[in-house]
Amino acid sequence: TYEMIITDLSDLSKIRFQTIVIDEAQRMKNSRSKFFANLGSLQGYHRILLTGTPIQNNVAELWPLLHWLDPRQFPDQDAFLERYGDSSNIQTVSNLQTVLQPFMLRRMKTDVEKSIPPKEETVLEVELSLMQKQYYRAVLEHNREFLSKGCVNGNVPGLINVVMQLRKVCNHPFMLKGVEEREVPATLGREGYYSQLVRASGKMVLLDKLLPKLKADGHKVLVFSQLKGVLDLLERYLRFKGYKYERLDGSIKANDRRNSIANFSNPAMDRFVFLLCTRAGGFGINLTIADTVIIYDSDFNPQN
């Protein structure tokens, strides 16, 4: 394990390995990390890196991987970045690809799993509900009087990061602080609450129409969101509707994660929906039994 490379290095470094294979090799991307330094002191005749995402942000993340594979050809990070760091230059990118070619063996999913049908993508543009439009405008115009009306104990929507607040409104107005307690009176009862939960968001209205059809046709569904708060609302909705589901986000422990995946993949458990947060990462998630993916909110950084 990665932890053993740090804790047991004194013993491991005495062994001259025939082959060293590093799984999830993108974790080596920080050239200043202790893990990277310790790996460099392991002795081996052959070195192999396995990764689905060699780099995610910039070319600087690529150098530690190449340096570990062949320190003689890639001895200096500054020289490497000076030569290949400008990823906006087509010629530079082409030169880097030529250098990488002898080091890389790339496997496509289509080469491995022949039964996966081609992906069909449908983008559905959804109208904001009346409630969403009201709160969207209030946030956009910094209308603190409207936003704080009816809120208690200072439970008022924040206006520091306006773009993030607008994004929350577009997903569901209840994502804003204080909105749920203000818009849903306690006298509504269970049925009334869930009716309001659905009608408050255009996306939830669509989902409420879509899921019964998918269930009737025997589909297995993944629902993705970047925000854990969205998963909380979806979880309440699924429980009310009686749909069996699993959930995975960044706080789920490894054992629970495995159990959730096993439950969803087991036909006898009859799990219909799997709620996933992008913060759950991709390590060890294999959900090929699902045939439909719903991206509730697309993966983007509101600061960009």
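These numbers come from a predicted model, not from an experiment. (Residues numbered from 1 in each chain as written. Predicted model: local features only at pLDDT ≥ 70, side-chain atom pairs only at ≥ 80, totals over all residues. Heavy atoms only, no water.)

This part covers the overall build of the protein chain. The number of helices and strands found in the protein chain is 15 helices and six strands. When the 304 residues of the protein chain are sorted by exposure, 36% land in the buried category. Within the protein chain, residue pairs in contact and separated by at least 24 positions form 68% of the contacts whose partners lie at least 6 positions apart. Accessible area of the protein chain: about 19,100 Å², with a carbon and sulfur share of 52%. (Helix = DSSP H or I, 4+ residues; strand = E, 2+ residues; numbered from the N terminus. Buried < 20%, exposed > 50% of the residue type's maximum accessible area, 1.4 Å probe, protein only. Contact = heavy atoms within 4.5 Å. Areas by Shrake-Rupley, 256 points an atom, 1.4 Å probe, with all protein chains shown as cover.)

In terms of strand pairing, strand E1 (residues 16-22) meets strand E2 (residues 43-49) through six bridges, oriented parallel. Within the sheet, the bridge partner assigned to Phe 17 lies in E2 and is Gly 44. As for the winding sense of the linkage, the β-α-β connection from E1 through helix H3 (residues 34-40) to E2 is right-handed. (Pairing = 2+ DSSP bridges. Right-handed = clockwise from strand over helix to strand, strands pointing away.)

A low pLDDT score tells you not to read the predicted coordinates there in detail. On average, residues of the protein chain score 84 in pLDDT, and 89% of them are at 70 or above. When mean pLDDT is taken per element in the protein chain, helix H13 (residues 202-216) scores highest with 95 and helix H9 (residues 144-148) scores lowest with 62. (pLDDT = per-residue confidence, 0-100.)

Turning to the nonpolar core, a few remarks are in order. Counting 38 residues, the largest nonpolar core has Phe 174, Leu 211 and Leu 234 as the members making the most contacts within it. For this core, the elements supplying multiple residues, two or more each, are helix H8 (130-140), helix H10 (162-171), helix H12 (189-199), H13, strand E3 (221-225), helix H14 (228-241) and strand E5 (273-277). The dominant element in this core, judged by the number of residues it contributes, is H14, at six residues. With residues up to four places along the chain from it excluded, the contact list for Leu 234 reads Met 204, Leu 207, Val 223, Leu 275 and Tyr 296. Among the nonpolar cores identified, the runner-up in size contains 25 residues, and Leu 9, Phe 35, Leu 66 and Val 99 belong to it. (Core = buried A, V, L, I, M, F, W, Y, C linked by side-chain atoms within 4.5 Å.)

Time to look at the sheet that holds strand E6 (residues 292-295). The strand order across the open sheet built from four strands is E4-E5-E3-E6, with neighbouring strands paired in parallel fashion. Of all strands in the sheet, those bounded by a partner on one side alone are strand E4 (245-248) and E6. Taken pair by pair, the neighbouring strands of this sheet meet at an average axis angle of 20°, ignoring direction. The pairing of E3 with E6 spans four bridges and is classified as parallel. By the bridge assignment, Val 223 is partnered in E6 with Ile 294. Where H13 meets the sheet, its contacts fall on E3, E5 and E6, and the angle it forms with E6 comes to roughly 170°. (Axes fitted to C-alpha atoms, helices over the stretch in contact; angles between N-to-C directions.)

Another point: the side chain of Ser 260. Within the secondary structure layout, Ser 260 lies in helix H15 (residues 254-265). With relative accessibility at 7%, the residue Ser 260 sits in the buried group. Leave out the neighbours within four places in its chain, and Ser 260 touches Glu 246, Arg 247 and Phe 274.

One non-glycine residue, Glu 24, lies in positive phi territory at about 50°. Structurally, Glu 24 can be placed in the loop between E1 and H3. What makes Glu 24 partly exposed here is its relative accessible area of 24%. Here the phi dihedral of Asp 270 falls at roughly 55°; this positive angle occurs in a residue that is not glycine.

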